[in-house]
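Single-letter residue listing:
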Amino acid sequence: MLTQTTSRVLEPSDLDAALAVLDREPVANAFVTSRVQIAGLDPWRLGGEMWGWYEDGMLTSLCYAGANLVPICATPRAVRAFADRARRAGRRCSSIVGPAEATAQLWRLLEPHWGPAREVRAHQPLMVTDRMPADIAPDPYVRRIRKDEMETIMPACVAMFTEEVGVSPLAGDGGLLYQARVAELVGAGRSFARLDEHGKVVFKAEIGAATMQACQIQGVWVAPEYRGQGLAAPGMAAVMRYALADVAPIVSLYVNDFNTAARRTYLRVGFQEVGAFMSVLF
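Residues numbered from 1 in each chain as written. Predicted model: local features only at pLDDT ≥ 70, side-chain atom pairs only at ≥ 80, totals over all residues. Heavy atoms only, no water.

The name an unreviewed UniProt entry assigns to the protein chain is N-acetyltransferase GCN5, from the organism Streptomyces brasiliensis.

Written as structure tokens, this is what we have:
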């Protein structure tokens, strides 16, 4: 019998209850929902534990504890319980990321024990759209990357990640995990790029998380020597066309508030701000 309020590690039998919580915010939760729909709640398949917070015997909040620590639909009381559990377990994640309010509270509670962070990005606008832009034609040269083009896309992925996160994804395990993730997206037909006449990537983006309700564009990158030439907006429109036609009725992304060029591009192709994420990078 569960006490009135308690937190615990969820088990595979809790899947339906967990999905019901995730379903409350399908756009914000797309990343975790997509993982849970594929892997269930078994920690080995999920790549981490799912913590649950119960009030009056009902599961009301979640926290994914894997490579990232992600609070989900987390009330202030739930965040305190998740922070206690995270503090006792010790830091095993490379980042804390999630809706800004809950993530900020979680970090306030964990910073004395886990700090300092390498970087805190306190406000990352969450943006969505459900339609194609009326006035920007999709770039006809942006296409799906094939499985035999891993060597073509990989350097661009590494460059984007290093520029975005501040560390190379090849550090630590030599890039095995990162390469596997890129290969997974290529294999699923969710990696897109425009190549120049020499076969070099000049624009790329991926549809990272994907559920029936929403998907998330990530890894948007223009090669430095091609920036300022107007490739980003038509490139995004091309990826959006694939996303809306083949993946989900809502396309989302989140962006660093200091990346004014990217934010301007996303607004141009019709994305609207609906909330904010926060990331704490270690």
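Looking at the UniProt feature "domain: N-acetyltransferase" (unreviewed entry) in the protein chain
Here the UniProt-annotated "domain: N-acetyltransferase" (unreviewed entry) positions come out as residues 140–282. As a span, residues 140–282 carries 36% helix and 27% strand, and end to end its C-alpha atoms are 39 Å apart. (UniProt positions renumbered as here; feature names shortened; annotations may be inferred. Helix = DSSP H or I, 4+ residues; strand = E, 2+ residues; numbered from the N terminus.)

Considerations on the packing of helix H4 (residues 76–89) against helix H5 (residues 100–114)
Packing of H4 against H5 leaves a shortest axis separation of 9 Å and a crossing angle of 30°. By the angle between their axes, H4 is roughly parallel relative to H5. As for the relative orientation of H4 and H5, their crossing is right-handed in sense. Residue-level contacts link Pro76, Val79, Arg80, Phe82, Ala83, Ala86 and Arg87 of H4 to Ala102, Gln105, Leu106, Leu109, Leu110, His113 and Trp114 of H5. (Axes fitted to C-alpha atoms, helices over the stretch in contact; angles between N-to-C directions. Parallel < 35°, antiparallel > 145°, perpendicular 65-115°, else oblique. Left-handed = near helix turned anticlockwise from the far one by under 90°. Contact = heavy atoms within 4.5 Å.)

Some thoughts on the packing of aromatic side chains
All chains considered together, the criterion is met by eight aromatic pairs. Clustering of aromatic rings is evident, with ring pairs tying together Trp107, Trp114 and Phe282. The cationic tip of Arg85 hangs over the ring face of Trp51; the distance from NZ or CZ to the ring centre is 5.9 Å. (Phe/Tyr/Trp six-rings, centres within 6.5 Å; stacked < 30°, edge-to-face > 60°. Lys NZ or Arg CZ within 6 Å of the ring centre and 35° of its normal.)

Things to note about the packing of helix H8 (residues 232–246) against helix H9 (residues 260–268)
Relative to each other, H8 and H9 sit at 55°, their axes nearing to 9 Å. Here H8 lies oblique to H9, going by the angle between them. When the axes of H8 and H9 are compared, the crossing they make is right-handed. When H8 is examined against H9, the residues Ala232, Ala233 and Met236 are found in contact with a partner set consisting of Thr265, Tyr266 and Arg268. Considered class by class, the residues forming the contact of H8 with H9 number four nonpolar, one polar and one charged. (Nonpolar A, V, L, I, M, F, W, Y, C, P; charged D, E, K, R; others polar.)

Description of the sheet that holds strand E11 (residues 251–254)
Overall, mixed pairing links the 12 strands, which are arranged E1-E2-E3-E4-E5-E12-E6-E11-E10-E9-E8-E7 in an open sheet. Only two strands of the sheet have a single neighbouring strand rather than two, namely strand E1 (5–9) and strand E7 (143–144). Sheet topology places strand E10 (residues 215–222) next to E11; two bridges connect them, and they run parallel. The partner of Gln216 across the bridge, within E11, is Ser252. Sitting on the sheet, H9 touches strand E6 (119–129), E10, E11 and strand E12 (272–281), and the angle it makes with E6 is about 15°. (Pairing = 2+ DSSP bridges.)

Regarding helix H7 (residues 176–187)
Compared with the 16 Å implied by 1.5 Å per residue over 12 residues, the 16 Å span of H7 between its first and last C-alpha is a close match. Among the residues trailing H7, Gly189 stands out with phi positive, at a value near 75°. (Expected span 1.5 Å × (residues − 1).)

So, unusual backbone geometry
For the bond from Gly115 to Pro116, the omega torsion is -5°, close enough to zero to count as cis. When you line up the elements, Pro116 lands in the loop between H5 and E6. Phi is positive for Asp56, close to 55°, though the residue is something other than glycine. With respect to the secondary-structure elements, Asp56 resides in the loop between strand E2 (49–55) and strand E3 (58–65). The phi torsion at Cys73 lies on the positive side, around 50°, for a residue other than glycine. With respect to the secondary-structure elements, Cys73 resides in the loop between strand E4 (68–72) and H4.

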